[in-house]
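Reading the structure
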Amino acid sequence: DAGITQSPRHKVTETGTPVTLRCHQTENHRYMYWYRQDPGHGLRLIHYSYGVKDTDKGEVSDGYSVSRSKTEDFLLTLESATSSQTSVYFCATAPQQGATQPQHFGDGTRLSIL
Amino acid sequence: GQQLNQSPQSMFIQEGEDVSMNCTSSSIFNTWLWYKQDPGEGPVLLIALYKAGELTSNGRLTAQFGITRKDSFLNISASIPSDVGIYFCAGQALSGGSYIPTFGRGTSLIVHP
């Protein structure tokens, strides 16, 4: 794997609270991604980053923001969590972005919003 | 966005049987990827395909990139209990200057000893 650590691994919180998930990588990969995984939907892209301070929206970005101040860290923030954001969140990285650069995934964060 | 149809949604088989699953799309992809996800873990890349018509093996796994570039299949021969998991296909194509994979919804495989 690409040395990807997600934290926390599990979190339970209440509706309306802010939540930040962290992805840390040790491979110096340029590209980092946040996905959510829900039953029946597979993996859906939330946001991705193509360099420090460079980010872009994915398919399901509403309600989420991201930041990347260092190559190794990519943060996902839920400004005001809602129950619909209960999901398993995966971070992925890739050294370059191109047709020949598959992504490598972390082990996920299970987030429950009550 | 692009849509991938992955089938079957689930499979229940006996140990030793062969397995076949596939993904189809209305769009053309430059790359097809196959991942496996074990419970409580992230997806792990099994096979990557980069050319139309390419047939690639990884042990008991064989995958092919369809000639039309709109489909791919994964075969598992002589299944064993540790093959249990969810298998995802993903297609990559250039869109707006970025290569962002589109994932299928997964095939859940259960192998009975």
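The preceding data block contains the structure.
One structure accompanies this document, and this report is about it. (Residues numbered from 1 in each chain as written. Chains lettered and ligands numbered in written order. Predicted model: local features only at pLDDT ≥ 70, side-chain atom pairs only at ≥ 80, totals over all residues. Heavy atoms only, no water.)

**Brief notes about the pattern of salt bridges**
Quick note on the threshold: Salt bridges are identified by distance alone: a Lys or Arg side-chain nitrogen within 4 Å of an Asp or Glu carboxyl oxygen. A run of DSSP states H or I qualifies as a helix once it reaches four residues; a run of E qualifies as a strand once it reaches two. Both are numbered from the N-terminal end. Exposed residues in this analysis have more than 50% of their type's maximum accessible area, buried residues have under 20%, and partly exposed residues fall in between, with area computed by a 1.4 Å probe over protein chains only.
This model, assessed by the stated rule, comprises 6 salt bridges over all chains. Arg60(B) is paired through a salt bridge with Asp83(B); the nearest N and O atoms lie 2.8 Å apart. Of the two residues, Arg60(B) is situated in the loop between β6 (55-58) and β7 (61-65) and Asp83(B) in the loop between β8 (71-76) and β9 (85-95); the sequence distance between them amounts to 23 residues. For Arg60(B), a relative accessible area of 29% translates into the label partly exposed. Here Asp83(B) falls in the buried class, since its relative accessible area comes to 5%. Sharing partners across several salt bridges, the network here consists of Arg22(A), Lys70(A) and Asp73(A).

**Things to note about the state of the cysteines**
Residue and element names in this part refer to chain A. What counts is decided by this rule: Two cysteine sulfurs form what is called a disulfide whenever their separation falls within 2.5 Å.
Across all of its chains, the model carries 2 disulfides over all chains by this definition. Residue pairing for Cys23: its cysteine sulfur links by disulfide to Cys91, the two sulfurs lying 1.9 Å apart. An S-S torsion of about -70° defines the bridge between Cys23 and Cys91 as left-handed. Of this pair, Cys23 sits in strand β3 (residues 19-25) while Cys91 sits in strand β9 (residues 87-94), placing them 68 residues apart in sequence. We note that Cys23, like Cys91, is buried.

**Points about the interface of chain B and chain A**
To be explicit about the condition: Should any heavy atoms of two residues lie within 4.5 Å, those residues are considered in contact. Buried area: the accessible area, evaluated with a 1.4 Å probe, that two parts lose upon being put together, summed over both parts.
Facing 22 residues of chain B, the contacting portion of chain A comprises 21 residues. Carbon and sulfur atoms supply 57% of the area buried between chain B and chain A, which totals about 1700 Å² over both sides. Contact with chain A buries area across many residues of chain B, yet Tyr99(B), Ile100(B) and Phe103(B) alone supply 27% of it, more than any other trio. Run the count over chain B and chain A and you get 0 salt bridges.

**Comments concerning the environment of Ala92(A)**
Inspection of the secondary structure puts Ala92(A) in strand β9. Along the sequence, Ala92(A) and Thr15(A) sit 77 residues apart, while their C-alpha atoms lie 26 Å from each other.

**Observations concerning the sheet that holds β7(B)**
Residue and element names in this part refer to chain B. Defined as follows: Each pair of strands is called paired provided DSSP finds at least two bridges between the two strands. Between the N-to-C directions of two axes lies an angle of 0 to 180 degrees, each axis being a line fitted to C-alpha atoms and, for a helix, fitted only over the stretch in contact.
The strand order β1-β3-β8-β7-β6 describes an open sheet built from 5 strands, whose pairing is antiparallel. The open sheet has two edge strands with one neighbour each: β1 (4-7) and β6. For this sheet the average axis-to-axis angle between neighbouring strands, irrespective of direction, equals 15°. Direction of pairing for β7 relative to β8: antiparallel, over a ladder of 5 bridges. Within β8, the residue paired with Phe65 across the bridge is Ser72.

All quantities given are derived from atomic positions and should not be read as evidence of function.
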